[in-house]
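Commentary on secondary and tertiary structure
Read off the chains here:
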Amino acid sequence: MKKRIIILFVIICFLTAGCGKSDPAEKQQELTIGFSQAGTESNWRKAQNKSINEELKKKNYQVMYRNSFSDPKQQMQDVMTFIAYQVDLIVLSPIEENGWESILEEAKQAKIPVIIVDRNIATNRKDLYLTHIGSSFKAQGGRAGLYVTNHYQKEEQDTINVFEIKGSEHTSPTRLRHDGFAETVGRDPRIKITQSITGDFIRLKSKEAFSKAIDEGQLNDIDVLFSHNDEMTLGALDALKDHQIENKFVIVSIDAQKEMIDLLKSGQVNCVVECNPFMGNLVATTVKRYFEKATIPEDIYVSDTVFSDQNDLGTIPPRNY
Ligand code: AHR
């Protein structure tokens, strides 16, 4: 009799323990995602940040959030903190491309998977991260260049000079947007990038650097302004206004923030290549798929559009950033 009672007790314990374990919502509640954000340099970044945080929380993950405010060393420390804390997965939105291999190796040793979002990192070691989720920056530069080549196709002008406003050095959008643009405009020998400044993706920095360029006479023979993001385009427009210089340039910008789309609609800029910040759902779904042990592609692309004075501007969806 005593033996039977013990066996019954063991069966009840086993069954109730099993029930607790099979509740996936409860299990997910316990998972902590370390989210390392690059900074707050643009409205685009704020929208991307909100999108990722909100979607992770919607799926009931605990989010351990660190913003490194554009300081690459701080960002590496932030990721080391996540490793020390033994989070379940790291979402890394990197500032710079280089210097990540040893840190991601540490994450790998600690068995913490890493998902790279938005900007890329420089490594051939695909084993150091699960996937990269973001736009093709080279395609964005190429689309900006295509607008310029099309714009001048029928114009009889011997030289077309481009002033480029670059984002921060050592970052993948700066390198790839430049490459994509240069490669595309290179098909028309009349188009040359003759001046280039860096505005770090920040409105005020671009305004300062562009004002200096105006003072030094660098704008004299310029036909086209190609800027790597909307904040820097706005900075350049601020500088033109301050110097009371008429905006006679063909202007091509990247991001598609609301303010820039409004300027496109009022004819002050010509083309805006979208960089879609709403990647949160893709990120959270990929995290979930990882924990469900589903297959995850090596690269997950976010889709972008192009808005220009060649399109019907009335149909542009509301921007929300
Ligand atoms: O990495 C994406 C770029 O970073 C966006 O184009 C820019 O606005 C942001 O600062």
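Only a predicted model underlies this, so the values are computations on that prediction, with no experimental measurement involved. (Residues numbered from 1 in each chain as written. Predicted model: local features only at pLDDT ≥ 70, side-chain atom pairs only at ≥ 80, totals over all residues. Heavy atoms only, no water.)

**Things to note about the site of the ligand**
Quick note on the threshold: It suffices for a single heavy atom of a residue to lie within 4 Å of a molecule or strand for the residue to be listed as near it. The definition of a polar contact used here is a pair of N or O atoms within 3.5 Å, where within protein one atom must be able to donate a hydrogen and the other to accept one, and adjacent residues in sequence count solely through side-chain atom pairs. Accessible surface is estimated by sampling points in the Shrake-Rupley manner with a 1.4 Å probe; for residues, cover comes only from the protein chains shown. Helix numbers and strand numbers start at the N terminus; a helix is a DSSP run of H or I with at least 4 residues, a strand a run of E with at least 2. The residue classification treats Ala, Val, Leu, Ile, Met, Phe, Trp, Tyr, Cys and Pro as nonpolar and Asp, Glu, Lys and Arg as charged. All others, Gly included, are polar.
Taken together, Glu-41, Ser-42, Trp-44, Arg-45, Asp-118, Arg-119, Pro-173, Arg-177, Phe-201, Asn-229 and Asp-255 make up the full set of residues near the ligand. One nitrogen or oxygen atom from the side chain of Arg-45 is found 3.3 Å from an oxygen atom belonging to the ligand. At 3.0 Å, a side-chain N or O of Arg-177 approaches an oxygen atom of the ligand. Computed on the free molecule, the ligand has an accessible area of 280 Å², of which 100% lies beneath the protein chains in the complex. Of all the secondary-structure elements, those providing two or more residues to the shell around the ligand are helix 3 (43-58) and helix 7 (172-185). Residues of the shell around the ligand, tallied by class, amount to 3 nonpolar, 2 polar and 6 charged.

**Quick notes on helix 4 (residues 72-85)**
Cut-off, in case you're wondering: Under the convention used throughout, the expected extent of a helix is 1.5 Å for every residue step, that is, one less than its residue count. Between buried and exposed lies partly exposed: a residue is buried under 20% and exposed over 50% of the maximum accessible area for its type, with that area taken using a 1.4 Å probe on protein chains only. Summarising the geometry, the arc corresponds to the directions from the helix axis toward the C-beta atoms.
Taking 1.5 Å per residue as the helical rise, helix 4 with its 14 residues ought to reach 20 Å, and the 20 Å between its terminal C-alpha atoms agrees with that figure. Taken together, the buried positions of helix 4 are occupied by Gln-75, Asp-78, Val-79, Phe-82 and Ile-83. Seen end-on, helix 4 carries its buried residues on one side only, within an arc spanning 140°. Projecting away from the buried face of helix 4 at angles above 90 degrees are the exposed residues Lys-73, Ala-84 and Tyr-85. Remark: Gln-86 follows helix 4 within two positions and exhibits a positive phi of approximately 60°.

**Here's the deal with helix 6 (residues 137-152)**
Along its 16 residues, helix 6 runs 23 Å from first to last C-alpha, staying within 8% of the 22 Å computed at 1.5 Å per residue. Of all the residues in helix 6, the buried ones are Phe-137, Gln-140, Gly-141, Gly-142, Ala-144, Gly-145, Tyr-147, Val-148, Thr-149 and Tyr-152.

**What about the domain arrangement of the protein?**
Buried accessible area, meaning the area lost when the parts come together, often serves as the stated size of an interface. Selection rule: Residue ranges for the domains trace back to a domain assignment, done automatically or taken from a database. Two residues form a contact once any of their heavy atoms are found within 4.5 Å. Defined in terms of a 1.4 Å probe, buried area is the accessible area two parts forfeit on being brought together, summed over both. The salt bridge definition used is simple: a Lys or Arg side-chain nitrogen within 4 Å of an Asp or Glu carboxyl oxygen.
One can read the domain layout of the protein as domain 1 (24-135 + 277-303) and domain 2 (137-275). Spacing between the C-alpha centres of domain 1 and domain 2 amounts to 31 Å. Facing 13 residues of domain 1, the contacting portion of domain 2 comprises 17 residues. When the two sides are added together, the surface that domain 1 and domain 2 hide from each other amounts to roughly 1,300 Å², 49% of it contributed by carbon and sulfur. The residue Arg-175 makes a salt bridge to Glu-97 at a minimum N-O spacing of 2.7 Å. By residue class, the composition of the side of domain 1 that touches domain 2 is 3 nonpolar, 5 polar and 5 charged.

**Looking at the sheet that holds strand 11 (residues 299-301)**
What counts is decided by this rule: One bridge is not enough; two strands pair if DSSP finds at least two bridges between them. Lines fitted to C-alpha atoms define the axes, with helix axes restricted to the stretch in contact, and inter-axis angles between N-to-C directions lie between 0 and 180 degrees.
With parallel pairing, the 6 strands of this open sheet are ordered in space as 2-1-3-4-5-11. Strands at the two margins of the open sheet, each flanked by one partner only, are strand 2 (62-67) and strand 11. When strand polarity is set aside, the average angle formed by the axes of neighbouring strands in this sheet is 20°. Pairing between strand 1 (residues 32-37) and strand 2: 6 bridges, direction parallel. Bridging across to strand 2, Thr-32 finds its partner in Gln-62. Sitting on the sheet, helix 3 touches strand 1, strand 2 and strand 4 (114-117), and the angle it makes with strand 1 is about 180°. Helix-sheet contacts for helix 11 (residues 280-291) involve strand 1, strand 3 (89-92), strand 4, strand 5 (131-134) and strand 11, and the interaxial angle to strand 3 is about 155°.

**Notes on the side chain of Thr-32**
Locating Thr-32 in the fold gives a position in strand 1. Under the relative-accessibility criterion, Thr-32 is labelled buried at 16%. Beyond its immediate stretch of four places on either side in the chain, Thr-32 contacts Gln-62, Met-64, Tyr-85, Val-87, Asp-88 and Leu-89.

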